[in-house]
Amino acid sequence: MEQKDYTPMWESLGINLEAHDGLLQVLGQAYGDTFLSQGNRPKGMEYLDFVLSEIHGLRIEELLKAKQEGRSIFGTFCLYVPEELILAVDGICVGLCAGASVGTEQAETVLPRNTCALIKSFFGFKMAGLCPYTEACDLVIGETTCDGKKKAYEIFADYKPTFVLEVPQMKAPADRELWLGELTRLAARIEEVSGRTITAEGLRKGIATVNAKRAALQRLARLRKARPAPISGLDALLINQVQFYDDPARFTAQLEAICDELEERVAATQGVAPATAPRVLISGCPMAAPNWKVPAIVEQSGAIVVGEESCVGERGTRNLVAETGETVDEMLRNIADRYLQIDCACFTPNTERLDHIVEMARDLEADAVLHYSLMFCTPYLMEARAVRECLKTEGIPLLEVETDYSTEDMGQLQTRIQAFLEMLGG
Ligand code: BJ8
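Procedures and definitions
- Residues numbered from 1 in each chain as written.
- Predicted model: local features only at pLDDT ≥ 70, side-chain atom pairs only at ≥ 80, totals over all residues.
- Heavy atoms only, no water.
- Helix = DSSP H or I, 4+ residues; strand = E, 2+ residues; numbered from the N terminus.
- Rg over C-alpha atoms; globule rule 2.2 N^0.38 Å.
- Buried < 20%, exposed > 50% of the residue type's maximum accessible area, 1.4 Å probe, protein only.
- Contact = heavy atoms within 4.5 Å.
- Areas by Shrake-Rupley, 256 points an atom, 1.4 Å probe, with all protein chains shown as cover.
- Lys, Arg positive; Asp, Glu negative; His and termini not counted.
- Charge placed at Lys NZ, Arg CZ, Asp CG, Glu CD.
- Pairing = 2+ DSSP bridges.
- Axes fitted to C-alpha atoms, helices over the stretch in contact; angles between N-to-C directions.
- Polar contact = N/O pair within 3.5 Å; in protein donor to acceptor, adjacent residues only side chain to side chain.
- Parallel < 35°, antiparallel > 145°, perpendicular 65-115°, else oblique.
- Left-handed = near helix turned anticlockwise from the far one by under 90°.
- Nonpolar A, V, L, I, M, F, W, Y, C, P; charged D, E, K, R; others polar.
- Near = heavy atom within 4 Å.
- Right-handed = clockwise from strand over helix to strand, strands pointing away.
- Phe/Tyr/Trp six-rings, centres within 6.5 Å; stacked < 30°, edge-to-face > 60°.
- Lys NZ or Arg CZ within 6 Å of the ring centre and 35° of its normal.

Colleague: With reference to specific residues and values, describe the overall build of the protein chain.
Modeller: On a plain count of helices and strands, the protein chain comes out with 19 helices and eight strands. For 426 residues, the compact-globule estimate of 2.2 N^0.38 gives 22 Å, and the protein chain sits close to it at 21 Å. In terms of its C-alpha atoms, the protein chain occupies a principal-axis envelope of roughly 60 × 50 × 45 Å. Looking at the 426 residues of the protein chain, the share that counts as buried comes to 57%. Across the protein chain, the fraction of contacts at a sequence separation of at least 24, relative to all contacts at a separation of at least 6, is 76%. Total accessible area on the protein chain is roughly 17500 Å²; 52% of this is exposed by carbon and sulfur atoms. Treating the 42 positive side-chain charges of the protein chain as one cloud and the 63 negative ones as another, the clouds have centres 2 Å apart.

Here's what the structure looks like:
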């Protein structure tokens, strides 16, 4: 299908057209090489192919149209920002571009060089004028998770209106109260920006919409337990990435259709890889689109990724908000409870994460865990020690990978991953 010319739209958003064209070309090529080259993909993935091909086009057009209709757009970089509150005012929540190394030079003019690739990326996208999502946003909602992000938002506020949500670092009763207070403060800001009030009815709907999306993602996760796996880890990751950009109700309907198809595959013992292929669970830092490097190497080496213990994966979808509240305050408390169950390495202690890794590895019959850390990510690199010790006790093989968004270490990663998979086979 001939793609529409979005140049006037990008121009109106102040996008750097020449650099953006280059980016789209590189992305298109990478997408073709990584995704379209896979065999036996579920038919329903055509929807995801379409979404990806239009990720800076049609979706941005939709956002701008929504803005004209009086809806507000909120950009986020973290799982702790509750989409439910945004939907309650009929707003739109989008994850902002943070998965490619673009604009690094510009980013390094304001950030230390030894900053993780994810943070450099979201600065790079903004400073190089390459993220139409950031430009379309009315407000960026940041959070005090790791120190890098926390301090980065202070600088980011010079470029874009930014609200910083304080996320506690422990889960004691006092932290819960602080967290509830912070969500109340965020709710007030969302109301102010949108010019709308969060009502019980609006919030109930927002909770139901996000729960339905997460329930569909849980269904996908369960289907990946099958042997042979009915979907590649790359395609499942892509679905988990797109959930941060797409319209939630539309995304949920499409994902349920994909799951129906996968159910048929499971019943017919059809898969995308031989039943004997080594099964790998990836655990660690989130992989924002288009960060596909490590799972692509794993799967191109003959293994299959069966799960992601990650924010772009099960850490973000494991829990639903209780649908019991009647008033806005009660629902807000339910939201606070749900979000404080997320086991990000920014928390201390964070032993739930260890339990979840083991639980997932057992449940998915993973042969090994690949621990994925971005370089300079103190929380996940430090927590790797506990993961290492825990998996050793459990007798689960582990490969630790520390990387960034560049392609420079591809050869080295390939060698290490292939050697590890061979060792598993042996
Ligand atoms: S809930 S993992 S999305 S904070 S990789 S920026 S931690 S130095 S992304 Fe995260 Fe929310 Fe936690 Fe999830 Fe810092 Fe590490 Fe960079 Fe990171």
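Having put the structure on the table, let's press on.
Colleague: How would you summarise the sheet that holds strand β5 (residues 279–284) if you had to cite specific residues and measurements?
Modeller: Strands sit in the order β6-β5-β7-β8 across an open sheet of four strands; the sheet is parallel. For this open sheet the edge positions go to β6 (304–309) and β8 (398–403), each flanked by a neighbour on one side alone. Strand-to-strand, the axes of this sheet are offset by a mean angle of 25 degrees, without reference to chain direction. Strand contacts of helix α19 (residues 410–425): β5, β7 (368–374) and β8, with the helix running at about 175 degrees to β8, the strand carrying the most contacts.

Colleague: Got a sec to walk through the side chain of R214? Specific residues and values, please.
Modeller: Assignment of secondary structure puts R214 in helix α11 (residues 200–223). On the accessibility criterion, R214 (8% relative accessible area) is buried. For R214, the side chain forms a polar contact with the side chain of Y339, separated by 2.8 Å.

Colleague: Break down the packing of α11 against helix α13 (residues 248–267) for me, with residues and values.
Modeller: Two elements in contact, α11 and α13, have axes separated by 9 Å at closest approach and are oriented at 20 degrees. Comparing their axes, α13 and α11 come out roughly parallel. When you trace α11 past α13, the crossing you get is left-handed. Touching T209, A212, K213, A216, L217, R219, L220 and L223 of α11 are P248, F251, T252, L255, E256, C259, D260, L262, E263 and V266, all from α13. Per-class residue counts for the contact of α11 with α13 are eleven nonpolar, two polar and five charged.

Colleague: I'd like to hear about the site of the ligand, residue by residue, with values.
Modeller: Taken together, the neighbourhood of the ligand is formed by 17 residues, with C116, C146, C311, C344 and C377 sitting nearest. Grouping the amino acids of the shell around the ligand by side-chain chemistry returns 14 nonpolar, one polar and two charged.

Colleague: I'd love a proper account of the environment of E263, names of residues and values included.
Modeller: Tracing the chain through its elements places E263 in helix α13. With 40 residues separating them in the primary sequence, E263 and L223 have C-alpha atoms 7.1 Å apart. Setting aside anything within four residues of it in sequence, one finds E263 in contact with R219 and L223.

Colleague: Got a sec to walk through the pairing of strand β4 (residues 162–165)? Specific residues and values, please.
Modeller: Relative to β4, strand β3 (residues 139–143) runs parallel, the two sharing four bridges. Residue pairing in the sheet places G142 in a bridge with V164 of β4. Assessed by its sense of winding, the connection that carries the chain from β3 through helix α9 (residues 147–156) to β4 is right-handed.

Colleague: Explain the sheet that holds β4 to me, and be specific about the residues and the numbers.
Modeller: With parallel pairing, the four strands of this open sheet are ordered in space as β2-β1-β3-β4. The sheet is open, and its two edges are formed by β2 (92–95) and β4, each paired on a single side. Neighbour-to-neighbour, the strand axes of the sheet open up by a mean angle of 30 degrees, direction not taken into account. Docked against the sheet, helix α4 (residues 58–68) engages β1 (73–76) and β2, running at close to 150 degrees with respect to β2. In this fold α9 packs onto β3 and β4, with an angle of close to 155 degrees to the strand it touches most, β3.

Colleague: Kindly report on the environment of E154, identifying the contributing residues and their values.
Modeller: Among the secondary structure elements, E154 is positioned in helix α9. Sequence spacing of E154 and V164 is ten residues, and the spatial spacing of their C-alpha atoms is 8.6 Å. A distance of 2.8 Å separates a polar atom in the side chain of E154 from a polar atom in the side chain of K151.

Colleague: Tell me what's going on with the packing of aromatic side chains, and back it up with residues and numbers.
Modeller: For the coordinates displayed, the defined rule picks out 15 aromatic pairs. Aromatic side chains F122 and Y153 sit 5.8 Å apart centroid to centroid with 15 degrees between the ring planes, which places their arrangement in the stacked category. Of this pair, F122 sits in helix α7 (residues 117–127) while Y153 sits in helix α9, and the two are 31 residues apart along the sequence. The burial state of F122 is the same as that of Y153; both residues are buried. Put simply, the rings of F77, F122, F123, Y153, F156 and Y159 pair up and form one aromatic cluster. Between R338 and the ring centre of Y339, over which it is positioned, the NZ or CZ distance is 4.5 Å.

Colleague: Give a description of unusual backbone geometry that names residues and reports values.
Modeller: Of the consecutive residues R227 and P228, the connecting peptide bond is found in the cis state with omega at 0 degrees. Cis geometry marks the peptide bond from A289 to P290; its omega dihedral reads 0 degrees. Locating P290 in the fold gives a position in the loop between β5 and α14 (293–300). Of note in the backbone geometry, T269 takes a positive phi value of approximately 45 degrees without being a glycine. Mapped onto the elements of the fold, T269 is located in the loop between α13 and β5. Among the residues examined, T269 registers a relative accessible area of 56% and is labelled exposed.

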